[in-house]
Amino acid sequence: MLQKIKKEWFSNTRSDLLAGIVVALALIPEAIAFSIIAGVDPKVGLYASFCMAVIISFTGGRAGMISAATGAMALLMVTLVKEHGLEYLLAATVLTGLLQIITG
Amino acid sequence: MRFVSRDVVTGFVNALAILIFLAQLPELTDVTWHVYAMTAGGLGIIYLFPYLPFIGKLLPSPLVCIVALTVIYMVVGIDIRTVGDMGQLPDTLPIFLWPDVPLNLNTLFIILPYSSALAVVGLLESMMTATIVDDLTDTPSDKNRECKGQGLANVGVGLMGGMAGCAMIGQSIINIKSGGRNRLSCLASGVFLLFMVVFLGEGLKQIPMAALVAVMIMVSIGTFSWSSIRDIKQAPLSSNVVMLSTVFVVVFTHNLATGVAVGVLLSSLFFAGKISRLMVVKSNTLNETSGRHYQVIGQVFFASSESFLTSFDFKEAVENIQIDLTEAHFWDITSVSVLDKVVIKFRREGANVELIGMNQATATLIDKFAVHDKPDAFEKLLSSH
């Protein structure tokens with residue numbers, strides 16, 4: 001168990017941390033821009049990118065893949081945000097997750 | 001996901017690129033020339049910076065573009081829109097919050113269509129990205145765990161006040177190329193992101209929108225599959241139709257999920273059409289007596305039943321008909337009922353009909369649904385019309 005955790009997490013520490021910084025720098029402008037596409041405050045996309053990256057690093061099935069707020073998803077939310085507001089977007093996000101868990 | 005063909009995926013990424021580009025146009029209309037100059041300069045930095053010796057490889061050029069344009073904006077002090085004008089930036093860690101919506105069916109009906117589209121597109125893009133990362137690193141991944149993981153992450157994101165997300169093709173490639181391999185790289189990117197955002201909050205507000213537009217135009221150009229345009233002449237027609245329909249439907253409806261659905265539907269139809277054309281019925285004379293031997297080869301199903309029916313000559317005066325199904329496979333009720341029709345029509349003309357060599361699956365289907373060997377088969381056939 002401990003061996004497995006060590007291998008999955010800490011077998012490439014230095015490179016992983018450096019790559020993490022590069023990705024974080026590239027994520028910030030995109031997260032802000034995708035929030036603007038969706039029509040919400042930049043903080044919604046930035047929080048999304050933070051939470052998504054942190055949670056998926058534990059729950060994901062593909063190590064080394066980055067998940068965060070994306071343009072494809074932002075484009076689908078535009079009318080929901082325009083007609084019903086941010087709170088409905090958050091509820092829709094939770095439901096999206098539940099649907100994906102059922103599919104998986 | 002297995003039903004999403006490569007043409008649909010290509011159509012999907014092309015449409016995504018077009019939509020991201022179109023989403024930038026509001027920032028580029030009714031603005032002063034400064035914005036155009038900034039955007040053009042930004043694009044110049046993004047595409048030329050990587051050619052600089054040493055330093056060009058060290059820093060991501062979109063970041064250099066943003067820092068440079070922000071500094072220019074702060075020094076020159078022109079009046080253009082910045083990120084600060086677009087809304088609130090985070091100043092604290094995100095907090096756990098239950099979405100403030102009434103928990104009733106009405107709410108469910110509002111969000112369900114959006115959630116289903118988001119779920120489909122999110123999984124589609126994540127599976128695409130996972131395959132790319134598998135190829136880049138030559139290692140396998142657990143796709144089912146990834147689906148569940150995406151779901152758990154989105155539930156978490158929604159409860160922490162974020163918008164739904166999924167895997168990112170561009171960022172994942174950047175991560176792999178920068179040396180990231182393990183789970184730690186993704187965790188680190190998230191933590192560094194929040195750290196920088198919370199501590200650089202004031203600086204972020206000063207980023208001119210023109211810089212973000214330049215980055216998004218780069219994302220759009222990088223997302224578009226240019227080779228699909230180059231190969232459009234060589235590719236088969238059906239593959240082009242699927243790809244272009246996916247693009248048009250998405251750009252028209254602004255909904256990636258609808259486009260994927262149309263693409264999947266079209267490619268399934270084309271496939272059914274192709275397979276149905278592979279069905280042939282060969283006709284030979286039977287040696288001993290006056291008779292005819294029909295050999296059916298291929299897949300008989302709803303799309304090929306019509307041509308199956310017309311392959312037989314019912315008016316020929318023969319005593320014995322042998323239909324050889326060794327090389328054939330019957331798939332559905334339509335095909336069985338059409339076989340009924342053939343057998344009964346021959347019997348009405350006074351011929352003896354024998355079916356030989358059915359495979360197991362076909363035999364089961366025929367046992368269950370065929371009527372030609374049951375009493376009053378002829379009346380049944382007539383009454384069904």
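Just so it is clear, the structure is predicted and the values come from calculations on it, not from any experiment.

A word on the overall build of chain A. What chain A contains, in helices and strands, is five helices and one strand. Going from the N terminus to the C terminus, chain A shows its helices and strands as α-α-α-β-α-α. For chain A, the spread of C-alpha atoms along the principal axes amounts to about 50 × 35 × 20 Å. For chain A, the proportion of its 104 residues judged to be buried stands at 65%. For chain A, restricting intrachain contacts to residue pairs at least 6 apart in sequence, the fraction spanning at least 24 positions comes to 46%.

All names here are of chain B. Reading across from one edge, β2-β3-β4-β5 is the order of the four strands in this open sheet, with mixed pairing throughout. Strands with a single pairing partner mark the edges of an open sheet, and in this sheet they are β2 (280-285) and β5 (352-356). For this sheet, the mean inter-axis angle between neighbouring strands, taken without regard to orientation, is 20°. Taken together, the six bridges between β2 and strand β3 (residues 291-300) define a ladder with antiparallel strand orientation. Paired with Lys282 across the two strands is Gln295, which belongs to β3.

On to the packing of helix α11 (residues 237-253) of chain B against helix α12 (residues 256-276) of chain B. All names here are of chain B. Closest axis-to-axis distance for the α11/α12 pair is 8 Å, and the angle between their directions is 160°. In this view, α11 runs roughly antiparallel relative to α12, as classed from their interaxial angle. By crossing handedness, the relation of α11 to α12 is classed as right-handed. On the side of α11, the interface is formed by Ser238, Val241, Val242, Ser245, Thr246, Val249, Val250 and Thr253, while α12 contributes Leu256, Thr258, Gly259, Val260, Val262, Gly263, Leu266, Ser267 and Phe270. Across the contact of α11 with α12, the residue classes tally to nine nonpolar, eight polar and no charged.

Now for the packing of helix α3 (residues 42-59) of chain A against helix α6 (residues 143-159) of chain B. Axes are the key here: two packed helices are described by the angle between their axes and the distance separating the axes. The contact between α3 of chain A and α6 of chain B brings their axes to 8 Å, and the two run at 145°. Remark: the crossing between α3 of chain A and α6 of chain B carries right-handed chirality. Residues Ala48, Cys51, Met52, Ile55, Ile56 and Thr59 of chain A of α3 of chain A touch α6 of chain B, and the partners they reach there are Lys148, Gly149, Gln150, Leu152, Ala153, Gly156 and Val157 of chain B. For the contact of α3 of chain A with α6 of chain B, the class distribution of residues is eight nonpolar, four polar and one charged.

Parameters and conventions
Residues numbered from 1 in each chain as written. Chains lettered and ligands numbered in written order. Predicted model: local features only at pLDDT ≥ 70, side-chain atom pairs only at ≥ 80, totals over all residues. Helix = DSSP H or I, 4+ residues; strand = E, 2+ residues; numbered from the N terminus. Buried ≥ 20, exposed ≤ 12 C-beta atoms within 10 Å, placed from the backbone. Contact = placed C-beta atoms within 7 Å. Pairing = 2+ DSSP bridges. Axes fitted to C-alpha atoms, helices over the stretch in contact; angles between N-to-C directions. Parallel < 35°, antiparallel > 145°, perpendicular 65-115°, else oblique. Left-handed = near helix turned anticlockwise from the far one by under 90°. Nonpolar A, V, L, I, M, F, W, Y, C, P; charged D, E, K, R; others polar.

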